[in-house]
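Each chain, written out:
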Amino acid sequence: MLPGNMADTTRPSGGRSGYLLIIGGAEEKLRQRQILTRFVHLAGGPSAKIVIIATASSLGDEATELYTTLFAAMGVPDIRGLRPLTREEANDPATAAVLADATGIFMTGGNQLRLSSVMGGTALGRAVIERHKRGAVVAGTSAGASAISTHMVAFGTGGATPKQRMTQMSAGLGLLSGVIIDQHFEQRNRIGRLLALVAQSPALLGMGVDENTAALVSPSGVMEVIGSGSVMLLDPARLQTDAYEVKRHKPIMVSGVLLHSLPSGYRFDLRRRRLLAPLRAVSVTDREQAQLEAAGVHTRRLIRRVAAEGADDLAPERARRRALRATRDEEASE
C-alpha cells in the first residue's frame with residue numbers, strides 16, 4: 001500500500017521492512033513540524049519507542065537533548081539516546097540491545113563519515129538494519145540522511161559545475177541501495193557534486209534533498225516528498241560523460257542525465273525510475289503546537305546549533321573553540 005494516507009502507515013509491521021525518512025536537514029521544529037510529525041506517526045505515535053543516534057554530531061549530548069525534548073512534546077513516551085564514538089562502543093552488545101524493541105530510529109546531523117566509520121559493520125549498525133527489516137521506521141537528517149544509503153557522499157565542495165575530485169564517495173549504512181543521497185541540496189549548492197558522482201557511478205540514482213524537506217521511501221520503493229522544498233533526482237540511464245579521462249580538478253562533461261525536481265506531494269518509483277501520480281496535500285494535525293511555540297531560549301539555541309552543524313569542515317573546530325572560550329570565561333569569573 002502506498003503512503004499517501006497517513007492512516008495507512010500507522011505502525012511498523014513485523015512482516016515487512018519499515019519506511020525510510022530521508023531529511024535534507026534543518027527540518028522545521030517549532031510550529032507545524034510536518035516531517036517530525038510524520039516520523040512519530042510512523043513509529044507508533046503514543047506507543048512509539050524511539051532511539052536517537054547522535055554519533056554524527058560534534059555537539060555532544062545537545063543534539064540528543066534537542067530531539068528528546070521535541071519528541072516528548074509530541075507525545076512519545078519512550079525515548080532513548082545513543083552516541084557511541086568508537087567502533088568498540090558500537091560493537092558492545094548492550095548498545096545494540098537498546099534497539100531491540102525500537103519502532104523508530106532517528107539519526108541526527110553532523111558528520112556522515114564519522115557516523116558510517118563508527119557504526120558501519122558493527123553490532124549497532126547491524127541492529128539498525130535488522131530493526132528496519134522488522135518494520136521500524138529509520139529516519140536521518142542531514143548527515144544521518146546521507147548515511148542511509150549503501151553508497152554515501154563522504155565529503156566534498158559545493159558548486160553548480162561538476163568537476164573531477166570535487167567530492168568523495170564511501171560506504172554508508174546500507175539501508176537503501178541503488179541511490180546516493182546529498183542533503184542541504186539547494187541551500188549549499190550541491191548539484192555539481194551529485195552530477196559528478198552519478199557520472200562516475202551511473203548505476204546509482206542521485207537524490208538531492210533540500211532543507212525542511214524529506215523523501216519518505218516505502219517498503220516497496222515508492223518515494224513521497226514531504227516539506228517546503230524539493231527532492232531532486234538525477235537519473236543517469238542515458239548518460240554520456242568524459243569523467244573517466246578528466247584529470248585533476250577540471251570540469252567534467254555530463255550529458256543525457258534525466259532530472260526530476262519534485263515538490264511536496266509528488267511520488268517517484270525508485271526501483272522502476274518513473275514518476276507516479278501526485279498525492280493530495282497531507283493535512284498535518286498540530287495538537288502540540290502551543291507547547292513548542294513557547295519553547296525557551298535554550299531549545300531555540302540548540303535548534304540553531306544543530307541546523308548549522310556540517311555546513312563546512314571547520315564547524316566542529318569552531319564549536320570546540322567556543323566551548324574552550326566559555327570554559328575560560330567561566331574560570332576567570334570565579
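Residues numbered from 1 in each chain as written. Predicted model: local features only at pLDDT ≥ 70, side-chain atom pairs only at ≥ 80, totals over all residues. Heavy atoms only, no water.

Caption draft 1: Quick look at the sheet that holds strand 17 (residues 274–276). Read from one edge of the open sheet, nine strands run 3-2-4-5-1-10-11-16-17, paired in mixed fashion. Because the sheet does not close on itself, it has two edges, and the strands there are strand 3 (78–82) and strand 17. On average, each strand axis in the sheet is inclined to that of its neighbour by 20°, with strand direction left out of account. Sheet analysis places strand 10 (residues 213–217) next to strand 11 (residues 222–227), joined by five bridges and oriented antiparallel. Counted as the bridge partner of Ala215 is Val225 from strand 11. The strands touched by helix 2 (residues 62–73) are strand 2 (49–53), strand 3, strand 4 (104–107) and strand 5 (137–141); relative to strand 2, the strand with the most contacts, the crossing angle is about 160°. (Pairing = 2+ DSSP bridges. Helix = DSSP H or I, 4+ residues; strand = E, 2+ residues; numbered from the N terminus. Axes fitted to C-alpha atoms, helices over the stretch in contact; angles between N-to-C directions. Contact = heavy atoms within 4.5 Å.)

Caption draft 2: Seen up close, unusual backbone geometry. The phi dihedral of Asn212 is positive, around 50°, even though this residue is not glycine. With respect to the helices and strands, Asn212 occurs in the loop between strand 9 (205–209) and strand 10. One non-glycine residue, Arg248, lies in the positive phi region at around 50°. Within the secondary structure, Arg248 sits in the loop between strand 13 (240–241) and strand 14 (254–255). By relative accessible area, Arg248 is classed as exposed at 55%. (Buried < 20%, exposed > 50% of the residue type's maximum accessible area, 1.4 Å probe, protein only.)

Caption draft 3: Molecular detail of the confidence of the model for the protein. Looking at the protein, pLDDT values average 89 and 83% of them are 70 or higher. Below a pLDDT of 50 lies the segment residues 282–289, which in the model reaches 18 contacts outside its immediate sequence neighbourhood of four places, other chains included. (pLDDT = per-residue confidence, 0-100.)

Caption draft 4: Representation of the pattern of salt bridges. This model, assessed by the stated rule, comprises 11 salt bridges. Among the ionic pairs, Asp101 bridges to Arg80, the shortest N-O distance being 2.8 Å. Here Arg80 lies in strand 3 and Asp101 lies in the loop between helix 4 (93–97) and strand 4, a separation of 21 residues in the sequence. Linking Arg193 and Asp182 is a salt bridge whose minimum nitrogen-to-oxygen distance equals 2.6 Å. With Arg193 in helix 8 (residues 191–200) and Asp182 in strand 8 (residues 176–183), the pair connects residues that are 11 residues apart, well separated along the chain. Grouping residues by exposure puts Arg193 and Asp182 together as buried. Linked by salt bridges that have partners in common, Lys49, Asp78, Arg80 and Asp101 make up one network. (Salt bridge = Lys/Arg side-chain N within 4 Å of Asp/Glu carboxyl O.)

Caption draft 5: Structural view of the packing of helix 1 (residues 34–43) against helix 2. Where helix 1 meets helix 2, the axes come as close as 11 Å, and the angle between the chain directions of the two elements is 70°. Taken as axis vectors, helix 1 and helix 2 run roughly perpendicular relative to one another. Together, Leu36, Phe39 and Val40 of helix 1 and Tyr67, Leu70 and Phe71 of helix 2 make up the contact between the two elements. Residue composition of the contact of helix 1 with helix 2, grouped by class: six nonpolar, no polar and no charged. (Parallel < 35°, antiparallel > 145°, perpendicular 65-115°, else oblique. Nonpolar A, V, L, I, M, F, W, Y, C, P; charged D, E, K, R; others polar.)

Caption draft 6: View of the pairing of strand 4. Burial of the side chains of strand 4 extends over both faces: Gly104 and Phe106 are buried on one face and Ile105 and Met107 on the other. The pairing of strand 2 with strand 4 spans four bridges and is classified as parallel. By the bridge assignment, Ile52 is partnered in strand 4 with Phe106. In terms of strand pairing, strand 4 meets strand 5 through four bridges, oriented parallel. Within the sheet, the bridge partner assigned to Ile105 lies in strand 5 and is Val138.

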